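# Residue-level structure breakdown
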Amino acid sequence: MQLTPNYYNGRVCLNVLANSIDNAKAIYEAAKTHVVVGVLSKNYLDNSSAISDMKKYALAIDNAISVGLGAGDPNQSIMVSEISAVLQPQHVNQVFTGVATNRALLGQNETVVNGLVSPTGKVGLVNIATGPLSAKSPAAIVPVETAIALLKDMGGSSIKYFPMGGLKHQDEFEYVARCCAENNFYLEPTGGIDLDNYEDILKIALDAGVKKIIPHIYSSIIDKTTGETRISDVKQLLSITQKLVG
């Protein structure tokens, strides 16, 4: 069972949502396996039902699943840690304060575990108070470099930079990307990414020299009627990725 995502040319792996196993399989095929498919813990009543269902997803797409919180909900942090300990997925979404617990319960260092940090409106600074209690407290604003060091201390793989609002925080994002490159850390741009701005966002991270990038493209490519991620959009995202990565 592969525990690491299949990056295109070793650099980029898409992260999109699926609302069914059939949708997940179609996504996986459309992305030519360069994807982790998000399944949200928030959609399940308890751990056992989540584990049972997510195991089916994992079997269908060679374990290329991303265990999600659900709109970055910090209250899902413990559930995600406990689920991923059993599933051993390729990718896990975590709030900043959940990273160490998640890594310890996984018992291995191969699965990508991100840590959610948020823009502050100031270049070079991020908010790391994204946990169940800390998210309700005054912001904990620290230098990007410090946030990366703390995530490394806790066994994290990457920064999940959320909510980006597309290119709303472009200057801040460019700084985060440079820091990730300089500190050999992965980057996961998330929030407001669509087919129109994806190329610009990915190019910023690539040009900065980020080693591995996992862009999250969610609601913008979901069919509002069916709730399924549009396969044609996944193909377009892969095409843009191939063009930029080469």
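Described in the following lines is the structure provided in the data block. (Residues numbered from 1 in each chain as written. Predicted model: local features only at pLDDT ≥ 70, side-chain atom pairs only at ≥ 80, totals over all residues. Heavy atoms only, no water.)

### Quick word on the nonpolar core
In terms of nonpolar packing, the biggest core is built from 65 residues, with Met 54, Val 126, Ile 159, Tyr 161, Leu 187 and Tyr 198 touching the most fellow members. A per-element tally of this core places helix α7 (residues 198–208) first, with 6 residues. Tyr 7, Val 36, Val 112 and Tyr 186 belong to the second largest nonpolar core, which has 6 residues in total. (Core = buried A, V, L, I, M, F, W, Y, C linked by side-chain atoms within 4.5 Å. Buried < 20%, exposed > 50% of the residue type's maximum accessible area, 1.4 Å probe, protein only. Helix = DSSP H or I, 4+ residues; strand = E, 2+ residues; numbered from the N terminus.)

### Remarks on the pattern of salt bridges
Inspection of every chain in the model, using the stated rule, returns 4 salt bridges. One salt bridge in this structure joins Asp 73 and Lys 42, with 3.1 Å as the shortest N-O distance. Of this pair, Asp 73 sits in the loop between β3 (65–68) and α3 (77–87) while Lys 42 is found in the loop between β2 (35–40) and α2 (47–60), placing the two residues 31 residues apart along the sequence. The residue Lys 203 makes a salt bridge to Asp 207 at a minimum N-O spacing of 2.7 Å. (Salt bridge = Lys/Arg side-chain N within 4 Å of Asp/Glu carboxyl O.)

### Considering the environment of Pro 74
Its place among the elements puts Pro 74 in the loop between β3 and α3. Separated by 20 residues in sequence, Pro 74 and Gln 94 have C-alpha atoms that sit 8.1 Å apart. Apart from the residues lying within four places of it in its own chain, the contact partners of Pro 74 are Val 95, Thr 130, Gly 131, Pro 132 and Ala 135. (Contact = heavy atoms within 4.5 Å.)

### Focus: helix α6 (residues 170–182)
The first and last C-alpha atoms of α6 sit 18 Å apart over 13 residues, in line with the 18 Å expected at 1.5 Å per residue. Asn 184, located one to two residues past α6, shows a positive phi value of around 50°. (Expected span 1.5 Å × (residues − 1).)

### Brief notes about the packing of helix α1 (residues 21–30) against α2
Following both chains from N to C, one finds α1 and α2 inclined at 30°, their axes separated by 9 Å at the closest point. Here α2 runs roughly parallel to α1, going by the angle between their axes. Seen along the crossing, α1 lies across α2 with a hand that is right-handed. Here α1 contributes Ile 21, Ala 24 and Lys 25 to the contact with α2, which in turn contributes Lys 56, Tyr 57 and Ala 60. Partitioned by chemical class, the residues of the contact of α1 with α2 number 4 nonpolar, no polar and 2 charged. (Axes fitted to C-alpha atoms, helices over the stretch in contact; angles between N-to-C directions. Parallel < 35°, antiparallel > 145°, perpendicular 65-115°, else oblique. Left-handed = near helix turned anticlockwise from the far one by under 90°. Nonpolar A, V, L, I, M, F, W, Y, C, P; charged D, E, K, R; others polar.)

### Quick notes on the environment of Ser 52
Summarising the element assignment, Ser 52 is placed in helix α2. On the basis of relative accessible area, Ser 52 is assigned to the partly exposed category, the value being 40%. In this structure the C-alpha to C-alpha distance between Ser 52 and Gly 70, which are 18 residues apart in sequence, comes to 18 Å.

What is shown is where atoms sit, not what they do.
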